[in-house]
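Results of the structural survey
Here is what each chain is made of, one letter per residue.
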Amino acid sequence: MLSPAFVICWMGADMIDAAKIRPVLQIKGLHKSFGALNVTKDVGLSVNAGEIHALIGPNGAGKTTLIHQIAGLLKPDSGQILFEGQDITAASMPQRARLGLARTFQITSIVPSLSALGNVALAVQAGVDKPLGFWLPVDSDDSLNKPAQALLDIVGLGARAEVIAGRLSHGEKRALEIAMALALKPRAILLDEPMAGMGHEESARLTDLLKSLKGTYAMLLVEHDMEAVFSLADCVSVLVDGHVLATGPADMVRNDPQVRAAYLGDEAF
């Protein structure tokens, strides 16, 4: 049986300098209930610098509720959230974003009437030190558009910069949302089911994108696409009925009998 949630999953030496391996995000004893329903129960996990830590489990296990607590959308009943060693349990969502904690959602949060470039330019503008001009036009501001274009190039949308975001494919919208998250210059990114609704080709492209970001950003990935999870994750935590059943390196979790019985079944990944 795997060790419980305090296990640290070390990345391979080829991905990141061993001296840089340290927890960026730490969750300690997080508990959340709604009336008599306990949704997260004493949850603990760590995400190290440059690592992809996947959070998997059946529907209703409490994964999105946990992400809401980490992002600041929900306040935990008890427990502690540390970011870069700082206690952010009581911090607001904007405060967490300013500290470098970014998030993508199950449903894309782009502005569909703006171009891809305009969406990222707005995200760049939101991250600058002078937010009073946030609602000013961004389409002719090179100080916003140049970094926005560079981010679109990173996520593979460089040639789609002028396309209205609402006309992008589902996979392209996901990549655009990641570009917007990167515009905030995050230290860590929370990815809430980024592959949801995608076909195999789009999932493969997004998997390649996340691989290209690996080693640069700490990422907590909630995902049901097990092929993507075990292709990407350095560490996997399995959430079942609100508690962490197991945490460990991806290969160990994939082969754990309890995890297979509770969630994975006999399918090979």
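Up top is the structure.
Residues numbered from 1 in each chain as written. Predicted model: local features only at pLDDT ≥ 70, side-chain atom pairs only at ≥ 80, totals over all residues. Heavy atoms only, no water.

What to know about the overall build of the chain
Per the secondary structure count, the chain includes 9 helices and 10 strands. The buried share of the chain, taken over its 269 residues, is 51%. Within the chain, counting contacts between residues at least 6 apart in sequence, those at least 24 apart form 68% of the total. For the chain, the exposed area adds up to about 12,400 Å²; of that, 55% sits on carbon and sulfur atoms. (Helix = DSSP H or I, 4+ residues; strand = E, 2+ residues; numbered from the N terminus. Buried < 20%, exposed > 50% of the residue type's maximum accessible area, 1.4 Å probe, protein only. Contact = heavy atoms within 4.5 Å. Areas by Shrake-Rupley, 256 points an atom, 1.4 Å probe, with all protein chains shown as cover.)

Points about the sheet that holds strand S3 (residues 52-56)
Taken together, 6 strands build an open sheet; the order of strands is S6-S7-S8-S3-S9-S10 and the sheet is mixed. The open sheet has two edge strands with one neighbour each: strand S6 (101-104) and strand S10 (243-249). Going from strand to strand, the sheet's axes swing by 15° on average, the running direction of each strand aside. Judged from the 4 bridges that link them, S3 and strand S8 (residues 218-222) form a sheet pairing that is parallel. In the sheet register, Ala54 faces S8, and the bridge partner there is Leu221. Its contacts with the sheet put helix H5 (residues 170-182) on S6 and strand S7 (188-192), and the angle it makes with S6 is roughly 165°. (Pairing = 2+ DSSP bridges. Axes fitted to C-alpha atoms, helices over the stretch in contact; angles between N-to-C directions.)

Structural notes on helix H6 (residues 200-213)
Here H6 is 14 residues long and its end C-alpha atoms lie 20 Å apart, about the 20 Å a rise of 1.5 Å per residue gives. The complete set of buried residues in H6 reads Glu202, Ser203, Leu206, Thr207, Leu209, Leu210 and Leu213. Projected down its long axis, H6 shows its buried positions confined to an angular sector of 160°, all on one face. The exposed set on the far side of H6, more than 90 degrees from its buried face, consists of His200, Glu201 and Arg205. Next to the buried residues of H6 lie S3, helix H4 (142-154), H5, S7, S8 and helix H7 (226-232). A positive phi of about 95° marks Gly215, the residue just after H6. (Expected span 1.5 Å × (residues − 1). Arc of directions from axis to C-beta.)

Observations concerning the pairing of S6
Across the two faces of S6 the burial is the same, with Leu101 and Arg103 and Ala102 and Thr104 all buried. Sheet topology note: the S6/S7 ladder contains 4 bridges and is parallel. Each residue of the ladder has a partner; that of Leu101, found in S7, is Ala188.

Quick look at the side chain of Lys214
Relative to the elements of secondary structure, Lys214 occurs in the loop between H6 and S8. Owing to a relative accessible area of 16%, Lys214 belongs among the buried residues under this scheme. Separated by 2.7 Å, the side chain of Lys214 and the backbone oxygen of Leu232 make a polar contact. (Polar contact = N/O pair within 3.5 Å; in protein donor to acceptor, adjacent residues only side chain to side chain.)

Structural notes on the packing of H5 against H6
Put simply, H5 and H6 touch, their axes get as near as 9 Å, and they point 20° apart. As summarised for this structure, H5 and H6 are arranged roughly parallel, according to the angle between their axes. Regarding H5 and H6, the two cross each other, and that crossing is right-handed. Within the contact between the two elements, H5 uses His170, Gly171, Arg174, Ala175, Ile178 and Leu182 and H6 uses Glu202, Leu206, Leu209, Leu210 and Leu213. Classifying every residue of the contact of H5 with H6 gives 7 nonpolar, 2 polar and 2 charged. (Parallel < 35°, antiparallel > 145°, perpendicular 65-115°, else oblique. Left-handed = near helix turned anticlockwise from the far one by under 90°. Nonpolar A, V, L, I, M, F, W, Y, C, P; charged D, E, K, R; others polar.)

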